[in-house]
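Chain by chain, the residues:
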Amino acid sequence: MTDKTTYMSLVKQMAGDGAPIAALALATADARRRQNLERLSGDIRFTGINELLARLSTVGKTFAETPELSKLTFVVKRTHADFMTALEAALSGYFSVASDAMRDVLEIQYLLMDFAINPGHADDWLTIDDKDRWKRFAPAPVRKRLQTAGVVHFGDKAESKDYKGHSMGLHISPVPLINSADGIVPEHSWLNEAGFWEMFDHGRGLLRGLTMLIEKAAPGSRAEDEIKKDMPSFDEASRQAELLKQVWLAIPEARVKLREGDPATAGNIIIGAMVGSGILDRELIVSVGGDDAVLEALIETMHQLAESDEPVSRNAARAFLSIVKSSDTNTTASSGQGERPRQ
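The shown structure was predicted, so the numbers you read here are calculated from the model rather than taken from an experiment. Position numbers for residues start from 1 in each chain and track the written sequence from start to end. Local features in this predicted model are restricted to residues whose pLDDT is 70 or higher, and side-chain atom pairs enter the listing and the counts only when it is 80 or higher, whereas totals over whole chains, interfaces and linings include all residues. Just so you know, side-chain values use all the structure's heavy atoms and leave hydrogens and water out.

**Re the nonpolar core**
So, point 1. We define the nonpolar core as a collection of buried residues of types Ala, Val, Leu, Ile, Met, Phe, Trp, Tyr and Cys that are connected through side-chain atoms lying within 4.5 Å of one another. For the exposure calls, accessible area comes from a 1.4 Å probe over protein chains only, and a residue counts as buried if that area is under 20% of its type's maximum, exposed if over 50%, partly exposed in between. Membership of the largest hydrophobic core comes to 88 residues, with the highest contact counts inside it found for Phe63, Phe83, Phe115 and Leu280.
So, point 2. Secondary structure is summarised from DSSP: a helix means a run of H or I of at least four residues, a strand means a run of E of at least two, and numbering begins at the N terminus for each. Tallying contributions element by element places helix 5 (residues 95–117) first for this core, with 13 residues.
So, point 3. The residues contacting leucine 280, other than those within four sequence positions of it, are Ile271, Met274, Val275, Leu298, Thr301, Met302 and Leu305. Contact criterion: two residues are considered in contact whenever any of their non-hydrogen atoms come within 4.5 Å of each other.

If you want it as structure tokens, here you go:
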């Protein structure tokens, strides 16, 4: 593009032509995308997602050439598109769009599992009329069959909470959502990271569903060979994403302990999660001297992280500092006697 036809010049022209609100939304999304790309430059999550997209593309081709699977080729292609949608949305700050795309992947995963454990269901789903298809293959009856077969466990807190969260995000209700009211999440919100957690979580689930179906419908096929190949970048990126998610989950857990009057445990919860994820260097905790030196070094590091551009470490550091502040306030109120977070 020339200077006169750059993206932002066109957005400015759009605003000048009478669409300033729409232009602002586009400009904000572009700015968020640039910020996130710069922040994550060289990060393994991109090679991990690329590896997933490449695998889905290859598996889709093997579906097309395998008679037992060919009629479901379009389903694999749809998941590929869902992940591309989620990637763009996560970078641009539209977490709700990324989440909805992953809700689609989740429903597809459950359908594939249903087809794997119930021979004939795939053909039924493809051929029956819309009314009967909804009656038999709507999310609720599919989940019930999977639960009965022991394939999924909706009594499990994490799995149940994940599905419920997607449902609440997709369907309108008076319950306030975690997303920004403006659609685009704030610059330093942890939701800038959560879109990637969604992609890796549901990428793993989808691969599980595809594997189950291929093993049942086309054992020994090239599709089975492809779906079972190692994915080192995806696995490592998924592991790192899970560790970051655990840091975020530690924040509300710590706040509960703080409300219960236990700032020491609250601080330890956040420190443990940050050390486990690699945000904090374990050596910082064990090698700087006595308790006072450890706390001083921790606070200095937390102040630095609290001003960083990394959403999760920023929020965790600020939560820790608020715990220390609360502990100091309580200590002062009780004549200097109180326990600070232990290491």
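**Some thoughts on the layout of surface pockets**
So, point 1. Considered as a void within the structure, the second largest pocket measures approximately 440 Å³ in volume.
So, point 2. In this structure, the second largest pocket is lined by 21 residues; those nearest its centre are Asp104, Glu107, Ile108, Leu111 and Trp125.
So, point 3. Elements with a minimum of two residues in the lining of the second largest pocket: helix 4 (73–92), helix 5, helix 7 (130–137) and helix 8 (139–149).
So, point 4. Ranked by the residues each element gives to the lining of the second largest pocket, the list is headed by helix 5, at eight residues.
So, point 5. Three classes are used: nonpolar for Ala, Val, Leu, Ile, Met, Phe, Trp, Tyr, Cys and Pro, charged for Asp, Glu, Lys and Arg, and polar for all others, with Gly counted as polar. Split into classes, the residues belonging to the lining of the second largest pocket amount to 15 nonpolar, no polar and six charged. Computed over the protein atoms alone on a 1 Å grid, cavities are sets of points where a 1.4 Å probe fits but cannot get out and pockets are open sets with protein on both sides within 12 Å along at least five of seven lines; a residue lines them when it has an atom within 4 Å of a point. Grid points are joined across faces, edges and corners, and a volume is the space filled by probe spheres set on the points.

**Quick notes on the packing of aromatic side chains**
So, point 1. For this analysis, a ring pair means two rings from Phe, Tyr or Trp (six-membered ring only for Trp) whose centres lie within 6.5 Å, classed as stacked if their planes differ by under 30 degrees, edge-to-face if by over 60, and tilted for the remaining angles. Overall, the coordinates contain eight aromatic pairs when judged by the stated rule.
So, point 2. Here the aromatic rings of phenylalanine 115 and phenylalanine 137 are separated by 6.4 Å at their centres, their planes lie at 70°, and the arrangement is edge-to-face. With a gap of 22 residues between them, phenylalanine 115 in helix 5 and phenylalanine 137 in helix 7 connect regions that are remote in the sequence.
So, point 3. When its relative accessible area of 6% is taken as the criterion, phenylalanine 115 is described as buried.
So, point 4. The exposure class assigned to phenylalanine 137 is buried, which follows from its relative accessible area of 7%.
So, point 5. Judged by centre distance (6.1 Å) and plane angle (20°), the rings of tryptophan 190 and tryptophan 197 are stacked.
So, point 6. The buried category is assigned to tryptophan 190, whose relative accessible area is 17%.
So, point 7. Cluster of aromatic residues (ring-pair linked, three or more members): Phe74, Phe115, Trp125 and Phe137.

**Some details on the pattern of salt bridges**
So, point 1. Take a side-chain nitrogen of Lys or Arg and a carboxyl oxygen of Asp or Glu: if they are within 4 Å of each other, that pair is a salt bridge. Enumeration over the complete set of coordinates arrives at 23 salt bridges.
So, point 2. Here arginine 222 makes a salt bridge to glutamate 65, at a shortest N to O gap of 2.6 Å. With a gap of 157 residues between them, arginine 222 in helix 11 (residues 222–227) and glutamate 65 in helix 3 (residues 44–65) connect regions that are remote in the sequence.
So, point 3. Judged by relative accessible area, which is 38%, arginine 222 ranks as partly exposed.

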